[in-house]
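So the chains spell out like this:
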Amino acid sequence: MFKNKISVEKLIILYKLLLDSLFILSVFFILAIFSEGLVPRIISAHISFFKIAFLIFLNLIAIYIIGKSAKIKIENQKPNKKTAIFLAVFGAMLVFNSLLKLKISLGIFILFLSVVSGYLVYKNILEQEK
Amino acid sequence: MFDFSKEIELGKKDYSFYQKIRIILYLSAFLAMAYLSYLVVFPHKYFSFSFLIDANSPKNNMSEPYLAESNVSSPGKLSSGEKLFFDASVPNGYTSVKVRFKLKEKTTSIFLPIEVRKSYKAFTYKTGQPLGFKDGSLLENKNDSFIVSNGQLKKFSSARIIEGLGYQKNSFLKISEDDLKYNPRGEDILAGSPYPDATLFHIDDTYYFLRNQKLEKFISDQAFFLQYEESQAIEKNSEFLEKYPLSENWVGFPNGTLVSNRDSVNVISQNIFFPIDSPETFLSKGFAWENVVPAGDDEMSFYEKGYLFNFKKTHLDGTIFKEIEESNYFLIKGEEKIPLPTENIARSWSKKNPVLASKKGFETKLACNSEKSFFNPKISECEIPLKNLESFPGFSYQFNITSDQDIDIDLIDVDYKKTVSWKNFKDFGKTIISQIILNYVQK
């Protein structure tokens, strides 16, 4: 789409910068969620999570469009185990934090179901890719 | 720095350009996060009121300004010499406040000083006529015994009458001549008289209040004990219920009572309960946790649910204030501050601790002289440091302005600021720790 107006090299630079901005937004989102979980309203009083999520969404759309325009193809990569473990543990902590007000037995049951569901979804995606 | 797309290679020139832009991107992100951290640690609190939209619009997060002390709403038009009041409440810790007015027309007006004082809004209500003892009070002065009935002081003409009616000797509160001055005298209670209104009874484990010669039931023993002593109620058996008809009305908690039910704390006033939206609002109103009484669903079922009691709301009818300096008591009723002239009178209205207020805080005013903004001649603004008001109780700041000519105001902005200081940073840390403890440790 942008090929005629912007050179391919510039598109690639833009693509790489968008990946960097996606990284920044993701780190910010994770830190914001963690802070909000500890102290409700500490972040959302100043910036809404909808805006952050919307920015990340726009960033992803831009990466897709720019990538297609520049005909960038990236080989499927193996999931980074360290990142996956970190995200899994962080996700479990968030779920657990949200269940604190419930009875402990119910909370543990819901957490168990969340972990099992997450694992099954992940495994299905891996098997489909294989 | 790590590269998220190593497989996509760039030429040397392009790579150098990319790295430069990347540094700017990360620097900008760092500055943005630093700014957000600044806003979190040293927050501003903004209030605004626009006369161009509906007063109740959610965009107006300040209650409607009013003229003089009469609480008459102002449409934004101010005549020369007229005073406009507006309130904006914040917790302690803010170091200064900037007040900004946007006028409809450019004007040569230079506002007289903008003044601010700190108190609770209800404490700024006009003072009404002093009030005496509450109905049902049993009082003794020298050799005379009285009951307060329909606001009047009714004297028992002899000790025999008191005994004959069933009152206990120890149920009369000994008071001074001074205490007696504020209830008008009613007719004496003679032999053969019926029970006067406001007599309390205890019949078959239930407490009753006699009103218009009908028995009104207390919703619970707790509702009775929050207002009266056990000894004030005359013991009767169920046969007594045939002598006086039962009223369909009931007696609940006294106005202004703080009750907890399930997970929320509520204020009771005029047969309605108002849930308090947060612990911060609770503390900002000067309420104390030890004054909260637990109420069951059966007791709460007698009340209708009112609006959410948040920071912007003023104290409800039934709230009792105590001036710290001179121990004067006031009851809030019908947007008036009613003096309760003695401690005995105040205690008859509420057994719980009053909200502490400061007369000095009420009388201390800080001011600034507003000036036209350099960028927009329709805007006048000035900033007031709040340090001298910090020590006074209360979280409601009342502002007032007077213009030297007729003006038309479009918008009022109030911006509270916390200066960047080590003290404010430590206060922020303490607040965060206490909130975490509240979330995870306290139930």
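Computed from a predicted model, the values in this text were never measured in an experiment.

Novice: How should I be thinking about the overall build of chain A in this particular structure?
Specialist: In terms of regular secondary structure, chain A is built from 4 helices and 0 strands. Out of the 130 residues in chain A, the part that is buried amounts to 25%. If you take every contact in chain A between residues at least 6 apart in sequence, the share linking residues at least 24 apart comes to 66%. Accessible surface, chain A as shown: approximately 9,500 Å² in total, 71% of it carbon and sulfur.

Novice: Teacher, can you tell me more about the interface of chain B and chain A here?
Specialist: By a widely used convention, the size of an interface equals the accessible area lost when the partners come together. Listed by partner, the interface residues are 27 residues for chain B and 27 residues for chain A. Carbon and sulfur atoms make up 74% of the surface buried where chain B meets chain A, a total of about 2,500 Å² over both sides. Between the two partners, chain B and chain A, sit 1 salt bridge. Looking at the side of chain B that touches chain A, the element that brings in the most residues is helix α1 (residues 12-41) of chain B, giving 12 residues.

Novice: It is not clear to me how the sheet that holds strand β15 (residues 233-236) of chain B should be interpreted in this structure. Could you clarify?
Specialist: What holds strands together in a sheet is hydrogen bonding between their backbones, with the strands either parallel or antiparallel. Residues and elements named next belong to chain B. With mixed pairing, the 5 strands of this open sheet are ordered in space as β15-β12-β13-β14-β16. Each having just a single partner strand, β15 and β16 (246-251) make up the two edges of the open sheet. Direction aside, the axes of adjacent strands within the sheet are offset by 35° on average.

Novice: Whenever I open this one, unusual backbone geometry confuses me. Can you help?
Specialist: In terms of backbone geometry, most residues other than glycine have negative phi values and most peptide bonds are trans. Residues and elements named next belong to chain B. If you check the backbone angles, Lys142 has positive phi at about 55° while not being a glycine. Tracing the sequence through the fold places Lys142 in the loop between β8 (138-141) and β9 (144-149). Looking at Lys142, the relative accessible area reads 64%, which means it is exposed. Phi at Asn271 is positive, roughly 65°, even though this residue is not glycine.

Novice: Explanation requested: the side chain of A:Asn59 in the structure shown.
Specialist: Residue and element names in this part refer to chain A. Tracing the sequence through the fold places Asn59 in helix α2 (residues 49-69). With relative accessibility at 6%, the residue Asn59 sits in the buried group. Beyond its immediate sequence surroundings of up to four residues, Asn59 is in contact with Leu18, Ser21, Leu22 and Leu25.

Novice: Can you walk me through empty space enclosed by the protein in this structure?
Specialist: Here the idea is plain: a probe the size of a water molecule rolls over the atoms and shows the empty space left. Residue and element names in this part refer to chain B. Scanning all chains against the criterion turns up 3 cavities of 30 Å³ or more. In this model, the largest cavity occupies a volume close to 40 Å³. Ile320, Tyr329, Ala346, Arg347, Ser350, Lys352 and Pro354 together form the lining of the largest cavity.

Novice: Any chance you could explain the pairing of strand β6 (residues 96-103) of chain B here in plain terms?
Specialist: Two faces make up the sheet, and in a regular strand the side chains alternate between them. All names here are of chain B. As judged from the 7 bridges shared by β6 and strand β28 (residues 379-385), these two strands associate in the antiparallel manner. Paired with Arg100 across the two strands is Glu381, which belongs to β28. Bridge count for β6 against strand β30 (residues 407-417) is 8 bridges, and the pairing is antiparallel. Counted as the bridge partner of Arg100 is Asp413 from β30.

Novice: Which parts of the structure should I look at to understand α2(A)?
Specialist: Given 3.6 residues per turn, any residue in an α-helix points the same way as the ones three and four places further on. Residues and elements named next belong to chain A. Taking 1.5 Å per residue as the helical rise, α2 with its 21 residues ought to reach 30 Å, and the 30 Å between its terminal C-alpha atoms agrees with that figure. Where α2 is concerned, the buried positions are Phe49, Ile52, Ile56, Asn59, Ile63, Ile66, Gly67 and Ser69. Next to the buried residues of α2 lie α1 (8-38). Lys71 lies just past α2 and shows a positive phi near 55°.

Novice: Could you clarify how one ought to interpret the nonpolar core in this entry?
Specialist: If you look at soluble globular proteins, the nonpolar side chains tend to sit buried side by side. Among the nonpolar cores identified, the biggest contains 32 residues, and B:Phe399, B:Ile409, B:Ile412, B:Val414 and B:Tyr416 are the most heavily contacted of them. Listing elements by their share of this core, those giving two or more residues are β1 (45-50), β5 (83-89), β6, β7 (114-119), β26 (366-368), β28, β29 (396-402) and β30 of chain B. Broken down by element, this core gets its largest block of residues, 5 residues, from β30(B). Among all residues touching B:Ile412, those that are not within four sequence positions of it are B:Phe47, B:Ser48, B:Phe49, B:Phe51, B:Met62, B:Pro65, B:Leu84, B:Phe86, B:Arg100 and B:Phe101. Formed by 30 residues, the second largest nonpolar core is a distinct cluster that contains A:Ile43, A:Ile63, B:Val40 and B:Phe428.

Novice: It is not clear to me how the packing of α1(A) against α2(A) should be interpreted in this structure. Could you clarify?
Specialist: When two helices pack together, their arrangement is given by the angle between the helix axes and the distance between those axes. Residues and elements named next belong to chain A. In the contact formed by α1 and α2, the axes pass within 9 Å of each other and the chain directions differ by 160°. As far as their axial angle goes, α2 and α1 are roughly antiparallel. For the element pair α1 and α2, the recorded crossing hand is left-handed. Class assignment for the residues of the contact of α1 with α2 results in 19 nonpolar, 4 polar and 1 charged.

Novice: Would you mind showing me how to read the state of the cysteines here?
Specialist: Think of a disulfide as a covalent bridge from one cysteine sulfur atom to another cysteine sulfur atom. Residue and element names in this part refer to chain B. Enumeration according to the criterion identifies 1 disulfide over all chains in this entry. A sulfur-sulfur distance of 1.8 Å marks the disulfide that ties Cys368 to Cys382. On the sign convention where negative means left-handed, the S-S torsion of about 45° between Cys368 and Cys382 marks this disulfide as right-handed. Here Cys368 is found in strand β26, whereas its partner Cys382 is found in strand β28, with 14 residues between them in sequence.

Novice: What should I look at first to understand the environment of B:Val293 in this one?
Specialist: All names here are of chain B. Mapping Val293 onto the fold places it in strand β20 (residues 292-294). Residue classification places Val293 among the buried positions, given a relative accessible area of 5%. Discounting chain neighbours no more than four positions away, the residues touching Val293 are Gln222, Leu226, Thr257, Leu258, Val259, Ser260 and Lys352.

Novice: What's the story with the packing of α1(A) against α1(B) in this structure? I'm lost.
Specialist: Between α1(A) and α1(B), the least distance of the axes is 10 Å, while the angle of their chain directions is 25°. One finds that α1(A) runs roughly parallel with respect to α1(B). In this structure, α1(A) crosses over α1(B), and the sense of that crossing is right-handed. Of the residues in α1(B), those touching α1(A) at A:Glu9, A:Lys10, A:Ile13, A:Lys16, A:Leu17, A:Asp20, A:Ser21, A:Phe23, A:Ile24 and A:Phe28 are B:Asp14, B:Phe17, B:Tyr18, B:Ile21, B:Arg22, B:Leu25, B:Tyr26, B:Ala29, B:Met33 and B:Leu36. Per-class residue counts for the contact of α1(A) with α1(B) are 13 nonpolar, 1 polar and 6 charged.

Novice: Just checking my understanding: could you explain the confidence of the model for chain B for this structure?
Specialist: Detailed conclusions should not be drawn from predicted coordinates in areas where pLDDT is low. Across chain B, the average pLDDT comes to 88, with 96% of residues at or above 70. Our summary of model confidence lists the complex with pTM equal to 0.68 and ipTM equal to 0.79.

Novice: Is there a simple way to think about the packing of aromatic side chains in this case?
Specialist: Residue and element names in this part refer to chain B. One pass over the full model with this rule turns up 38 aromatic pairs over all chains. Between the aromatic rings of Phe156 and Tyr167, the centroid separation amounts to 5.1 Å while the plane-to-plane angle is 65°, which identifies the pairing as edge-to-face. Here Phe156 is found in strand β10 (residues 152-156), whereas its partner Tyr167 is found in the loop between α2 (159-165) and β11 (173-174), with 11 residues between them in sequence. Look at Phe253 and Tyr303: their rings are 6.2 Å apart centre to centre, the planes differ by 10°, and that puts the pair in the stacked class. One end of the pair, Phe253, is in the loop between β16 and β17 (258-261); the other, Tyr303, is in the loop between α6 (297-300) and β21 (304-305), and 50 residues separate them in sequence. On the basis of relative accessibility, which here comes to 5%, the residue Phe253 falls in the buried class. Relative accessible area serves as the criterion here: at 8%, Tyr303 is assigned to the buried category. Residue placement shows Lys313 over the ring face of Tyr307; its charged tip is 4.8 Å from the ring centre.

Procedures and definitions
The residue count restarts for each chain, going from 1 along the sequence in the order it is written. Labels follow written order: the first chain is A, the first ligand is 1, and so on. With pLDDT at 70 or above as the cut-off, local features in this predicted model cover only qualifying residues; side-chain atom pairs require 80 or more to be listed or tallied, and sums for whole chains, interfaces and linings still use all residues. Processing note: side-chain calculations cover all non-hydrogen atoms of the structure and skip hydrogens and water entirely. Numbering goes from the N terminus for both helices and strands, where a helix is a DSSP run of H or I of at least four residues and a strand is a run of E of at least two. Buried means the residue's accessible area, taken with a 1.4 Å probe over protein chains only, is under 20% of the maximum for its type, while exposed means over 50%, and partly exposed covers the values in between. Between two residues, a contact is recorded if the distance between any of their heavy atoms is within 4.5 Å. Every accessible area reported is derived by Shrake-Rupley at a probe size of 1.4 Å, with residue values counting cover from the shown protein chains alone. Values labelled buried area give the accessible surface lost by two parts on being combined, using a 1.4 Å probe and summing over both. Counted as salt bridges are all cases of a side-chain nitrogen of Lys or Arg within 4 Å of a carboxyl oxygen of Asp or Glu. Any two strands with at least two DSSP-identified bridges between them are counted as paired. Here the axes come from fitting lines to C-alpha atoms, over the contacting stretch only for helices, and the angles between their N-to-C directions go from 0 to 180 degrees. Cavity means a closed set of points on a 1 Å grid over the protein atoms alone, one where a 1.4 Å probe fits but cannot get out, pocket means an open set with protein on both sides within 12 Å along at least 5 of 7 lines, and lining means a residue has an atom within 4 Å of a point. Grid points are joined across faces, edges and corners, and a volume is the space filled by probe spheres set on the points. The span you would expect from a helix comes to 1.5 Å times its residue count less one. Buried residues of nine kinds, namely Ala, Val, Leu, Ile, Met, Phe, Trp, Tyr and Cys, make up a nonpolar core once their side-chain atoms join them within 4.5 Å. Orientation categories follow fixed angle ranges, with anything under 35 degrees roughly parallel, anything over 145 roughly antiparallel, 65 to 115 roughly perpendicular, and all other angles oblique. When the near helix sits turned anticlockwise from the far one by under a right angle, the crossing is termed left-handed; a clockwise turn instead gives a right-handed crossing. In this classification, the charged set is Asp, Glu, Lys and Arg, the nonpolar set is Ala, Val, Leu, Ile, Met, Phe, Trp, Tyr, Cys and Pro, and all remaining amino acids, among them Gly, are polar. Any cysteine sulfur atom paired with another within 2.5 Å is treated as part of a disulfide. Confidence scores labelled pLDDT are given residue by residue by the predictor and lie between 0 and 100. Note on aromatic contacts: the rings of Phe and Tyr and the six-membered ring of Trp form a pair at centre separations within 6.5 Å, being stacked when their planes are under 30 degrees apart, edge-to-face when over 60 apart, and tilted otherwise. Two conditions define a charge located above a ring, namely a distance within 6 Å from the ring centre to NZ of Lys or CZ of Arg, and an angle within 35 degrees of the ring normal.

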